[in-house]
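# Chain and residue survey
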Amino acid sequence: MQRIEDVEKRFSEENANLMQYILHSIISFYRNKSLHIEGVTDDDETKELLEQYVYNFVDDIAEDKNQQIIETIRQKVLCAREKCTKYLDETDKKEMPGGLESLEIVSDDVGLVSYLSDEWEDQTFEEYYAHLCKRTAEELKAEIDAIPNSEPYYGMFTLKDYENLLEYCKVYHFNEHIEDMRSYEHELSEYMTLFNVMDYKSPLNIYRQSFILLMTAFDAAVFDITEVILNNHFFEFCNANESALKDGYKLKEIARFGSFDKLKADIIAKILKDNYASGLLKMLYKYNTDYFIDEDNGSDYYNIICEIIARRNLHIHKRGIVDEDYFSQAQGNSYNFNIGDIAYIRSEYYLNSIAYLECLICNLCAAEKDDKMEGV
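The structure contained in this document is the topic of the report that follows. This one's a predicted model, so the numbers in the text were calculated from it and none came from an experiment.

Rules of the game
- Residues numbered from 1 in each chain as written.
- Predicted model: local features only at pLDDT ≥ 70, side-chain atom pairs only at ≥ 80, totals over all residues.
- Heavy atoms only, no water.
- Helix = DSSP H or I, 4+ residues; strand = E, 2+ residues; numbered from the N terminus.
- Buried < 20%, exposed > 50% of the residue type's maximum accessible area, 1.4 Å probe, protein only.
- Polar contact = N/O pair within 3.5 Å; in protein donor to acceptor, adjacent residues only side chain to side chain.
- Contact = heavy atoms within 4.5 Å.
- Phe/Tyr/Trp six-rings, centres within 6.5 Å; stacked < 30°, edge-to-face > 60°.
- Lys NZ or Arg CZ within 6 Å of the ring centre and 35° of its normal.
- 1 Å grid on protein atoms, 1.4 Å probe; cavity = no way out; pocket = protein on both sides within 12 Å on 5 of 7 lines; lining within 4 Å.
- Points joined across faces, edges and corners; volume = space filled by probe spheres on them.
- Nonpolar A, V, L, I, M, F, W, Y, C, P; charged D, E, K, R; others polar.

## Re the side chain of Thr91
Summarising the element assignment, Thr91 is placed in the loop between α3 (60–90) and α4 (112–117). Judged by its relative accessible area of 16%, Thr91 falls in the buried class. A polar contact is formed between the side chain of Thr91 and the backbone oxygen of Tyr87, at a distance of 2.8 Å. Setting aside residues no more than four positions away along its own chain, Thr91 makes contact with Phe174 and Ile178.

## Let's talk about the packing of aromatic side chains
Between two aromatic rings, the relevant description is the distance of the centres plus the angle of the planes. As enumerated under the stated definition, the model contains 29 aromatic pairs in all. Ring centres 5.0 Å apart and planes at 50° place the aromatic pair Phe29 and Tyr53 in the tilted group. Of the two residues, Phe29 sits in helix α1 (residues 4–32) while Tyr53 sits in the loop between α2 (44–52) and α3, which places them 24 residues apart along the sequence. By relative accessible area, Phe29 is classed as buried at 1%. With a relative accessible area of 6%, Tyr53 lands in the buried category. In this structure an aromatic cluster arises from ring pairing among Phe29, Tyr30, Tyr53, Tyr55, Tyr191 and Phe195. It is Lys94 that lies over the ring of Phe174; its NZ or CZ is 4.6 Å from the centre. The ring of Tyr335 carries Arg311 above its face, with NZ or CZ at 4.6 Å from the centroid.

## Some remarks on the layout of surface pockets
The space that makes up the largest pocket amounts to roughly 530 Å³. As for the largest pocket, its lining consists of 15 residues, of which Phe125, Glu126, His177, Met181 and Tyr184 are closest to the centre. Of all the secondary-structure elements, those providing two or more residues to the lining of the largest pocket are α3, α5 (125–134) and α8 (159–198). In terms of residue class, the lining of the largest pocket is made up of seven nonpolar, four polar and four charged.

As structure tokens, this is what we get:
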């Protein structure tokens, strides 16, 4: 059994780590938004939209505006990626004719491949490739031979050499273009991921992912704290939760344990094994409602905790889509959902969830610490 202080510290650290992850993601988006993709996000309209994006935790109005910006830009990126993917699916690299790669005229030392590549500046690949295909060995040889003092370096190359050079360059640059398109497709996919992380409708959203991880840490804390409370207040807890023991113990079974401590340990193990976190919280509420009272305003937030757990279950099992079970688990419908709606994890909801979960863990731990002090 863990110490109550260790459980509280572990949950607090897990929460802090997730907050750092969120802030890092927000900062990363801010830094990378300026990475404009040629022909997709480099126009003035897109740049202006990105300038309007509000960073850090925001209210619902600002978040809705952010969402519109994300969806508008992402649609442009998605269209570009689909077009690029279709092109790559339909276009293969060209096979380099045998022997061309070993020719002296295409070597780096000679530099004629680079010479032809320089013509690519300020042209699209399509324009450059069309220009390259129009080039003839005769005009290229004449052009190179006309360069002052070129004779010692290029005089030995024949028309056939220049024909091979042009053929090599057409295949080489086409294949380089395919590699560029693959890199471009990857860049578009990376940009899509960057936007999905900030999109509260996406499964990759930082608040949704952090929420699921936070609830995992919360479940573990609830189990460990309940074990401490059961050990310290066994009879009081069981008396408040008569249904906690699903199976009664016959006298002969009790005697078999040999001691009360062993019997108690067996009962506690069964309670923890037979219940999810929601069941344990229900027992804790029956045992002591003060655990679920906000000291700042005196309100009871048990139903809020139930809704948080119900929403976590939706995202784990139903992709966030509200079903009939949600309403019973959430103890109502405080967010006015309809069946089929998606219970998104938005910025404000995440922060509110943290506040209530932390409040409950602190209340549970504080109560046990106070009882421990009184017993000293």
